[in-house]
Amino acid sequence: MSDRGGEERDGVALTNLDQPLFDGAEATKRDLVDYLDAVRDRILPALRGRPLSVIRVLRGQAPFMQKNVPKYTPPWVATVPMWAETSRREVSYALCDDRRTLLWFANQRAVEYHPTLVTAGHWDRPTHLVLDLDPPAEGGFTLAVRAALLVREVLGEVGMSGVVKTSGAKGVHVFVPLDETPTIEEVAAATRAIAVRAERLDPALATTAFIREDRGGKVFLDSTRAGGATVAAAYSPRVRPGAPVSFPLPWDALDGAAPGDFTLRTVPRLIGDGDPWAELMPPPQRLDPGLVEQGRTIPIARVQAMHEGKRRARARRDKDGAAPNHGAAPDPGTAPDGEG
C-alpha cells in the first residue's frame, strides 16, 4: 500500500483514493474505482472496440470532455485515429477494451464514459439506433418515461423493438440494436422518422424542436445520435449530484423508477450477478425501409437549427438596426452529448 490512499490493481497505480470525487457526489475517488471494477464485466462490453470520450473531473476544475488521449497515456492503452468534424483534425481516441484500461481511466478521474455508436474499422455501420429523450425541468423524468412509451409504440408499429435505460441525468435513452446492413445515413434518417411519428402521437407531450426556446416545456426527442455521435454507456456514472448511473430497466419498470435510485453505491447490489443491459437487449434487427424513406424527407435537425438561428439573428439585426455580426451562428441551446 502506497501513501496518499493509493494501491495497485492489475498493474495500475491508484492514487488519492480518499479524496472527494466532485462537489455533490457524496462519493470519493475510491468509490468510483471500486464501482467501475465491480461492474467491469457489464460496462466493458458496451465500450469495447468503440472510440471513447470521457468526462473527467479534476480537483479544482470544471468537468471537461476528453476525446484525444493525453501524451502521458500508457502504451498499453489501445487507441484508434478518427476524424473529428468539430475540431477539423484527426483525434486519437482510446479503446477501453479491458479491466486495466478501465482502472487507468478511473484513476484519471474519468467519471462518464461516452462510446460511439460505431466500432473501430466499421465507421459507416452503426450498431444501434438511439433516441435521447430530454425532458423539461418541470415534470422531468416522469415526462421522459411517457415519451419513451411513444417511441416504443412507433417501433412496435414497424415490427421493431428496443431497450431503455435512464440517462443518469433526468432523461431516458432508447436503444434499438441493428443488423450490419444499414449505413449511418439510413440510420440517421430512420431516427428522424421515429421521432416525428412519436411527436405526432402526442404533440402536447413531445417535440422534435432542436432549438430549446421552441420546445414549449415538452420532452425533446433528440434524433441526432447517429454515426460518430456518442451516448453515455449503460452503467456509466454521471457528473450529477449523488453520482447517479445510467441504468437499464425493463419497460414495465420505468413508471416506478427514479434516476436517483441508481448510483455508484446502489447499482452493484441491484444487479448482483446479472447484466440487465445484455439480458434486456433484443437481437439485432432489420431497419424498416419505410422509416428510412420517410426520414429522408425530414430536415436534419442541427442543420435546420443552424439556418433558423441565422435567420433569427438577421431578423433581430434588421429590427434593431444593428451592424451585422459576422461571427458564428447563435447557439441553438442544446445539451452536449449524452446530457439528457
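Residues numbered from 1 in each chain as written. Predicted model: local features only at pLDDT ≥ 70, side-chain atom pairs only at ≥ 80, totals over all residues. Heavy atoms only, no water.

Visitor: Before we move on, can you summarise the overall build of the chain with the specific residues and values?
Guide: Looking only at helices and strands, the chain features 9 helices and 13 strands. Residues classed as buried in the chain amount to 54% of the 340 residues present. Here the contacts in the chain between residues at least 6 apart in sequence split such that 72% fall between residues at least 24 apart. For the chain, the computed accessible surface area is about 15,500 Å², with 51% contributed by carbon and sulfur atoms. (Helix = DSSP H or I, 4+ residues; strand = E, 2+ residues; numbered from the N terminus. Buried < 20%, exposed > 50% of the residue type's maximum accessible area, 1.4 Å probe, protein only. Contact = heavy atoms within 4.5 Å. Areas by Shrake-Rupley, 256 points an atom, 1.4 Å probe, with all protein chains shown as cover.)

Visitor: I'd like a description of the layout of surface pockets, backed by residues and values.
Guide: Taken as a whole, the second largest pocket spans an internal volume of roughly 340 Å³. Lining the second largest pocket are 19 residues, and of these Pro45, Ala46, Arg50, His128 and Trp277 sit closest to its centre. Looking at the lining of the second largest pocket, the elements with two or more residues in it are α2 (40-47) and α7 (276-280). The biggest single contributor to the lining of the second largest pocket is α2, with 3 residues. Class assignment for the residues of the lining of the second largest pocket results in 13 nonpolar, 2 polar and 4 charged. (1 Å grid on protein atoms, 1.4 Å probe; cavity = no way out; pocket = protein on both sides within 12 Å on 5 of 7 lines; lining within 4 Å. Points joined across faces, edges and corners; volume = space filled by probe spheres on them. Nonpolar A, V, L, I, M, F, W, Y, C, P; charged D, E, K, R; others polar.)

Visitor: How would you explain the environment of glutamate 7 if you had to name every residue and give the values?
Guide: With respect to the secondary-structure elements, glutamate 7 resides in strand β1 (residues 7-9). Distance from glutamate 7 to leucine 17, taken between C-alpha atoms, is 8.5 Å for residues 10 residues apart in sequence. Within polar-contact distance, the side chain of glutamate 7 engages the side chain of arginine 9 at 2.8 Å. At 3.1 Å, the side chain of glutamate 7 and the side chain of arginine 30 are in polar contact. (Polar contact = N/O pair within 3.5 Å; in protein donor to acceptor, adjacent residues only side chain to side chain.)

Visitor: I'd love a proper account of the pattern of salt bridges, names of residues and values included.
Guide: Enumeration over the complete set of coordinates arrives at 17 salt bridges. Across the salt bridge formed by arginine 9 and glutamate 7, the nearest N and O atoms sit 2.8 Å from each other. The buried category is assigned to arginine 9, whose relative accessible area is 14%. The salt bridge partner of aspartate 37 is arginine 99, with a shortest N-O separation of 2.8 Å. Pair noted here: aspartate 37 is in helix α1 (residues 29-38) and arginine 99 is in helix α3 (residues 99-107), with a separation of 62 residues, a long-range link. Taking relative accessible area as the criterion, aspartate 37 reaches 9% and is therefore assigned buried. One salt-bridge network, held together by shared partners, links Glu7, Arg9, Asp18, Arg30, Asp34, Asp37, Arg40 and Arg99. (Salt bridge = Lys/Arg side-chain N within 4 Å of Asp/Glu carboxyl O.)

Visitor: Pulling in residues and values, what's your account of the nonpolar core?
Guide: Grouped together as the largest cluster of nonpolar side chains are 89 residues, with contacts concentrated most on Phe105, Tyr113, Leu129 and Leu133. With 10 residues, helix α4 (residues 140-157) is the largest single contributor of residues to this core. Membership of the second largest hydrophobic core comes to 6 residues, among which are Met82, Ala84, Tyr93 and Leu95. (Core = buried A, V, L, I, M, F, W, Y, C linked by side-chain atoms within 4.5 Å.)

Visitor: An account of α2 is requested, with residue identities and associated values reported.
Guide: Within the sequence span of α2, burial applies to Arg42, Ile43, Leu44, Ala46 and Leu47. Where the residues of α2 are buried, they touch α1, β3 (51-56), α3, β7 (110-115) and α6 (267-271). Two residues or fewer after α2 comes glycine 49, characterised by a positive phi angle close to 80 degrees.

Visitor: Requested: an account of the pairing of strand β9 (residues 163-166), with residues and values cited.
Guide: Side chains Val163 and Lys165 project from β9 onto one buried face, and the interleaved Val164 and Thr166 project onto a second face that is buried too. Relative to strand β10 (residues 172-177), β9 runs antiparallel, the two being bridged by 4 bridges. Each residue of the ladder has a partner; that of threonine 166, found in β10, is valine 172. Taking the residues that link successive antiparallel strands as the turn, the β9-β10 hairpin has 5 residues, and the phi of glycine 168 there is positive, at about 95 degrees. In this structure, β9 lies alongside strand β13 (residues 248-249), joined through 2 bridges in antiparallel fashion. Across the sheet, the residue bridging to valine 164 is leucine 249, located in β13. (Pairing = 2+ DSSP bridges.)

Visitor: Go over the environment of lysine 67 with me, naming the residues and quoting the values.
Guide: Locating lysine 67 in the fold gives a position in the loop between β4 (64-66) and β5 (79-84). Taking the relative accessible area as the measure of exposure, lysine 67 reaches 29% and is therefore partly exposed. Sequence separation between lysine 67 and isoleucine 55 is 12 residues, and the spatial gap between their C-alpha atoms is 8.9 Å. If we ignore the near neighbours within four places in the chain, the residues touching lysine 67 are Leu52, Ser53, Val91, Ser92 and Tyr93. Of note is the side chain of lysine 67, whose polar atom sits 3.5 Å from the side chain of serine 53.

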